[in-house]
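Observations on the model geometry
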Amino acid sequence: MKKNIYKYLSILLAYILFGCEERLEEIGPEDDIPSSTIYDTELGAQAGIIGIYSTAQDKDTFGGTTIATDAFMTDDADFVGSFTTFADIEDYVTLSDNGSIDDIWRDLYQVIGAANVAINNIPNSTDPSFSQDEKNQFIGEAKFLRAMAYFWLANWFSQPFQFDNGNNECVPIIVDAFEEPSQLSNFRIERNTLNEVHELIESDLLDAISMLPQRINNAGRASQGAAMALLARLKLYREDWSEAASLSNQVIEDTNFILALNYDFYDQLSSEDVFTIVNTTDDGQDANIALSDFFNPTQTGGRGDAPFSDNLLETYDQGSDNRFIDLNQSGTDASGDSSIFTSKFPDGQNESDNFPIIRITEMYLIRAEANLRGLSSVGAEPIADINLLRQRAGLDPLTGTISLDQILLEKRKELAFEGHRRMDLLRNRMGLRRPGMLNIEESAFGADKTILPIPQRERDQNSLLNQNPGY
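Residues numbered from 1 in each chain as written. Predicted model: local features only at pLDDT ≥ 70, side-chain atom pairs only at ≥ 80, totals over all residues. Heavy atoms only, no water.

Before going further, it helps to examine the overall build of the protein. Secondary structure summary: the protein contains 20 helices and four strands in total. Classification of the 471 residues of the protein by burial places 62% in the buried group. Considering only residue pairs separated by 6 or more positions, the protein has 72% of its internal contacts joining residues 24 or more positions apart. Total accessible area on the protein stands at roughly 17,200 Å², and carbon and sulfur atoms take up 46% of it. (Helix = DSSP H or I, 4+ residues; strand = E, 2+ residues; numbered from the N terminus. Buried < 20%, exposed > 50% of the residue type's maximum accessible area, 1.4 Å probe, protein only. Contact = heavy atoms within 4.5 Å. Areas by Shrake-Rupley, 256 points an atom, 1.4 Å probe, with all protein chains shown as cover.)

The structure is reproduced here in structure tokens:
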């Protein structure tokens, strides 16, 4: 999937923000294709959209290192590997020249750059075979992917909405498609606020909802339901309980998405999946630094870097909770000790596991929390949603009045190692570590290093990029 024609698309915004001339020098004459030309025809547009998905597969975008970092930066996993860039993040001593953080920033902006090219050029196509419905679908897919990239950037490089009502600095907004290097040579831009970035994300998702079909082939392509689900997550993060409950309820009522009966759905592209990053043996993650490498013991081909933390293990009834029984494996970790790992991503050898970005399970959890906090019962009572998930897990139902802590605990156990824990803690004004763990003070809500630094290399190229406090 990752062909030369896509390489040009994906480096555009990286050059815009970072002045990385060396990346342009890597492109040979066969790659030097004006991106507007790619979208002149229906076939070219199809290839261009697939190219954006290919860029989104990278280990530093929506899967791989971002999900793994979420786990070991919080209370879900221990990092016992040899990568100093990740060890520094886990220990809250990272610096702004951390190469892994630079990769996250750069690669997410590559998705944005490629999406911008599609959004700005598809409407100009005069190909008679390129129908308006198909144009709308492709633009909707690009807007969904751009929204998701900005959402990830906002979550990692800005304090959450609860810190300063969204007025704190976030990341630069770029929506223009830059075609030629000569247009980019003197480009500089300041950081926008979190509210401004969230506003763009919402606008893109609303457009995507209006332009996308309910489902496209499978959960590896953006759909109306996926855009609605991501918007429900955004509304939850911003404490808009009414909208979060309504949107998640609409996704639940969409018959394209059905709660699975058990936990065999991982890597299957089933009705449980709302949106998934698809990987295969031939087109997967980078070897040795993929999600499957982090979360698998050494004897199954993984690095053994990120086993369960004791704190997470203690939350499960290990004898009866199917979320533990069916989804764990024992093995040797990177330090040579026997540890317990998740089995959600078992292919540590070929890195072909899919990354479940949005599952229908999350919509039940969002609906439950939004209804509880909004004092509503859209679709169902909060306790009914939680007990539905507990029933699948083989657990007895809760009785009486359900609490926010109970909902968050069920969410932690349901979505462990899928990239949700850090933001669920921060948006609830909680620290990332529990009592008795290391770095309690450094991981407290609002502490400087609960978010990542603006990469120093990018600030060297763009003096208008203010650094986050503490770096």
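The subject of this paragraph is the pairing of strand β1 (residues 273–277). Along any regular strand the residues' side chains alternate between the sheet's two faces. In terms of burial, β1 is largely enclosed, as five of its five residues are buried. Here four bridges tie β1 to strand β4 (residues 355–359), and the two strands are oriented antiparallel to one another. Bridged to T276 within β4 is P356. (Pairing = 2+ DSSP bridges.)

Each turn of an α-helix holds 3.6 residues, which means side chains three or four residues apart point in the same direction. Along helix α17 (residues 382–392), the positions that sit buried rather than exposed are P382, D385, I386, N387, L389, R390 and R392. In the core, the buried residues of α17 are packed alongside α15 (322–325), β4, α16 (360–374) and α18 (404–414). G394, located one to two residues past α17, shows a positive phi value of around 85 degrees.

How two helices sit against one another is set out by the angle between their axes and by the gap between those axes. Running from N to C, α16 and α18 point in directions that differ by 170 degrees, and their axes come no closer than 10 Å. With respect to each other, α16 and α18 are oriented roughly antiparallel. Between α16 and α18, the residues in contact are T361, L365, A368, E369, L372 and R373 and L404, I407, L408, E410, K411 and E414, respectively. Here the contact of α16 with α18 is composed, by residue class, of six nonpolar, one polar and five charged. (Axes fitted to C-alpha atoms, helices over the stretch in contact; angles between N-to-C directions. Parallel < 35°, antiparallel > 145°, perpendicular 65-115°, else oblique. Nonpolar A, V, L, I, M, F, W, Y, C, P; charged D, E, K, R; others polar.)

Ring pairs (aromatic) are described by centroid distance and by the angle formed between their planes. With the rule as written, the count across this model stands at 22 aromatic pairs. Note on F308 and F324: the rings are 6.0 Å apart at their centroids and 70 degrees apart in plane angle, and the pair reads as edge-to-face. Residue F308 is found in the loop between α13 (291–294) and α14 (310–313), and its partner F324 is found in helix α15; the two are separated by 16 residues along the sequence. Neither residue differs from the other here; F308 and F324 are each classed as buried. Arranged with centres 6.4 Å apart and planes meeting at 80 degrees, the rings of F345 and F355 form a pair that is edge-to-face. With a gap of 10 residues between them, F345 in the loop between β3 (338–342) and β4 and F355 in strand β4 connect regions that are remote in the sequence. For the pair F345 and F355, a shared accessibility class is recorded, and that class is buried. (Phe/Tyr/Trp six-rings, centres within 6.5 Å; stacked < 30°, edge-to-face > 60°.)

The next thing to look at is the packing of helix α12 (residues 241–253) against α16. It is at 8 Å that the axes of α12 and α16 come closest, and there the two elements cross at 150 degrees. Crossing hand, α12 versus α16: left-handed. The residues of α16 that touch α12, namely those facing W241, A244, A245, S248, N249, V251 and I252, are I360, M363, Y364, I366, R367, E369, A370, N371, R373 and G374. Class assignment for the residues of the contact of α12 with α16 results in 10 nonpolar, four polar and three charged. (Left-handed = near helix turned anticlockwise from the far one by under 90°.)

Time to look at the environment of I386. By the element assignment, I386 lies in helix α17. It is 8.1 Å that separates the C-alpha atoms of I386 and L398, two residues lying 12 residues apart in sequence. In this structure, I386 is in contact with L365, A368, L398, I402, I407 and E410, ignoring residues within four places of it in sequence.

Another aspect to go through is the pairing of strand β2 (residues 328–332). Relative to β3, β2 is paired through five bridges, and the arrangement is antiparallel. The residue bridging T332 from the neighbouring strand is S338, located in β3. If you look at the hairpin formed by β2 and β3, you'll find five residues sitting between the two strands, and G336 has a positive phi there, around 95 degrees.

Time to look at helix α10 (residues 194–211). For α10, spanning 18 residues, the distance from its first C-alpha to its last is 26 Å, which sits close to the expected 26 Å at 1.5 Å a residue. Among the residues of α10, L194, V197, H198, L200, I201, D204, L205, A208 and I209 are the ones counted as buried. (Expected span 1.5 Å × (residues − 1).)

Mapped onto the elements of the fold, T276 is located in strand β1. Looking at T276, the relative accessible area reads 2%, which means it is buried. Every residue in contact with T276, bar those within four places of it in the chain, is listed here: A219, G220, L269, N354, F355, P356 and I357.

Grouped burial of nonpolar side chains is what soluble globular proteins tend to show. Counting 122 residues, the largest nonpolar core has I52, F62, F144, Y150, F157, F275 and F295 as its most contacted members. With 15 residues, helix α8 (residues 132–157) is the single largest residue contributor to this core. Not counting residues up to four positions away in its chain, the partners in contact with I52 are Y39, V111, A114, A115, A118, A142 and L145. Core analysis: the second largest hydrophobic core is formed by seven residues, A260, F265, L327 and L395 among them. (Core = buried A, V, L, I, M, F, W, Y, C linked by side-chain atoms within 4.5 Å.)

Everything listed is a geometric property; what it means functionally is a separate question.
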